[in-house]
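Chains, contacts and geometry: an overview
Listed below are the residues making up each chain.
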Amino acid sequence: MTWFITWRMKRTTPGIRASAASRVSAPVVLTVLLVTAGCTSTASRVTTTYYNISGMSGAELDKEIAAKGPMKGHALASAEIRLVPVSVEYEKGERSCRFHRARFRVDANVTLPRWRQQIASRDRELRSAWNFISTYARKHEQEHIRIAEKYARKAEEDLMAIPPKPDCDRLEAAAERTLKRNRTAHDREQNAFDAREQKRLAKLFE
């Protein structure tokens, strides 16, 4: 799943004004994988990539973002997030099957812009606006990752809470239902965060 923020800057009088809107992509299916992994670390794996933009005005930066930004230029920044089953194992008895271990981690790739002329620009308003925007974009995507980490831990707890089933096929079916509910709650919280932020930013730039 990729979470991203769209942001467009435009020249106004007397300075720079930014308008923001956040959107999320359609959810992807998280399937249950029964694995035994050598490395069972649940620490999040986050990588950050940058795309360079150039310009000496808000309009020029906006044009560069549209040409080079993630989501085919429709976003300023993005975070591609996956909940990865590190080790999900079950124990099969003579008449029952239950989960023995459930560990997940978050893999995320954050994409952020880098303005080449940020230091050289003499436009204080533009530099100030960019500092705010770029800092906000990083924190925004970090919060999406934090929310995902919360639900990675919840997925572990939910799977371990499933009572033993007569056979492992029924256990896997119960796990799929459990993870589907987890994913729905996760998407709801991510969307609620974006909705709150959109309202907050709209008030800032009224």
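Look a little higher up for the structure.
Residues numbered from 1 in each chain as written. Predicted model: local features only at pLDDT ≥ 70, side-chain atom pairs only at ≥ 80, totals over all residues. Heavy atoms only, no water.

**Quick word on unusual backbone geometry**
Residue Met 71 is not a glycine yet carries a positive backbone phi of 55°. A positive phi is found at Lys 72, a non-glycine position, where the angle reads about 55°. Here Lys 72 shows up in the loop between helix 1 (58-68) and strand 4 (77-92). Exposure remark for Lys 72: the relative accessible area of 79% places this residue in the exposed category. (Helix = DSSP H or I, 4+ residues; strand = E, 2+ residues; numbered from the N terminus. Buried < 20%, exposed > 50% of the residue type's maximum accessible area, 1.4 Å probe, protein only.)

**Observations regarding the pairing of strand 5 (residues 97-115)**
Note that strand 3 (residues 45-53) and strand 5 share nine bridges and pair parallel. By the bridge assignment for strand 5, Tyr 51 is matched with Pro 113. Where strand 4 and strand 5 come together, 14 bridges link them in antiparallel fashion. Paired with Tyr 90 across the bridge in strand 5 is Phe 99. (Pairing = 2+ DSSP bridges.)

**Observations concerning the state of the cysteines**
Going through the model one piece at a time under the given rule, you end up with one disulfide. The residue that forms a disulfide with Cys 97 is Cys 168, at a sulfur-sulfur distance of 2.0 Å. Disulfide Cys 97 to Cys 168: torsion about the S-S bond roughly 95°, handedness right-handed. Of the two residues, Cys 97 is situated in strand 5 and Cys 168 in helix 3 (residues 168-204); the sequence distance between them amounts to 71 residues. (Disulfide = S-S within 2.5 Å.)

**Describing the packing of helix 2 (residues 124-160) against helix 3**
For any two helices packed against each other, one specifies the crossing angle of their axes together with the interaxial distance. Across the interface, helix 2 lies against helix 3 with an axial gap of 10 Å and an inter-helix angle of 160°. On the basis of the axis angle, helix 2 is roughly antiparallel to helix 3. Crossing of helix 2 over helix 3 shows right-handed handedness. For the contact of helix 2 with helix 3, the per-class residue count stands at 13 nonpolar, six polar and nine charged. (Axes fitted to C-alpha atoms, helices over the stretch in contact; angles between N-to-C directions. Parallel < 35°, antiparallel > 145°, perpendicular 65-115°, else oblique. Left-handed = near helix turned anticlockwise from the far one by under 90°. Nonpolar A, V, L, I, M, F, W, Y, C, P; charged D, E, K, R; others polar.)

**Side note on the packing of aromatic side chains**
Under the counting rule described, the total for this entry stands at two aromatic pairs. Taken together, a centroid distance of 6.0 Å and an interplanar angle of 70° make the contact between Trp 115 and Trp 130 edge-to-face. A residue pair is termed long-range when its members are at least 10 positions apart, and Trp 115 in strand 5 and Trp 130 in helix 2 qualify at 15 residues. With respect to class, Trp 115 is no different from Trp 130; both count as buried. Between Arg 114 and the ring centre of Tyr 50, over which it is positioned, the NZ or CZ distance is 4.1 Å. (Phe/Tyr/Trp six-rings, centres within 6.5 Å; stacked < 30°, edge-to-face > 60°. Lys NZ or Arg CZ within 6 Å of the ring centre and 35° of its normal.)

**Observations concerning the pattern of salt bridges**
By the definition in use, this model includes 11 salt bridges. Notably, a salt bridge pairs Arg 146 with Glu 143, separated by 2.8 Å at the nearest N-O pair. With Arg 146 and Glu 143 both in helix 2 and three residues apart, the pair spans about one turn of that helix. Take Arg 146: its relative accessible area is 39%, and that puts it in the partly exposed class. Note that Lys 154 and Asp 158 form a salt bridge whose closest N and O atoms lie 2.9 Å from each other. Placement of both Lys 154 and Asp 158 in helix 2 is noted, with a separation of four residues, approximately one turn of the helix. Looking at Lys 154, the relative accessible area reads 33%, which means it is partly exposed. Connected through salt bridges with shared partners, the residues Arg 82, Arg 105 and Asp 107 form a single ionic network. (Salt bridge = Lys/Arg side-chain N within 4 Å of Asp/Glu carboxyl O.)

**Here we look at helix 1**
For helix 1, the full list of buried residues reads Gly 58, Leu 61, Glu 64 and Ile 65. Viewed end-on, helix 1 has its buried residues packed into an arc of 125°, placing them on one side of the element. Exposed side chains of helix 1 directed beyond 90 degrees from the buried face belong to Lys 63 and Ala 67. (Arc of directions from axis to C-beta.)

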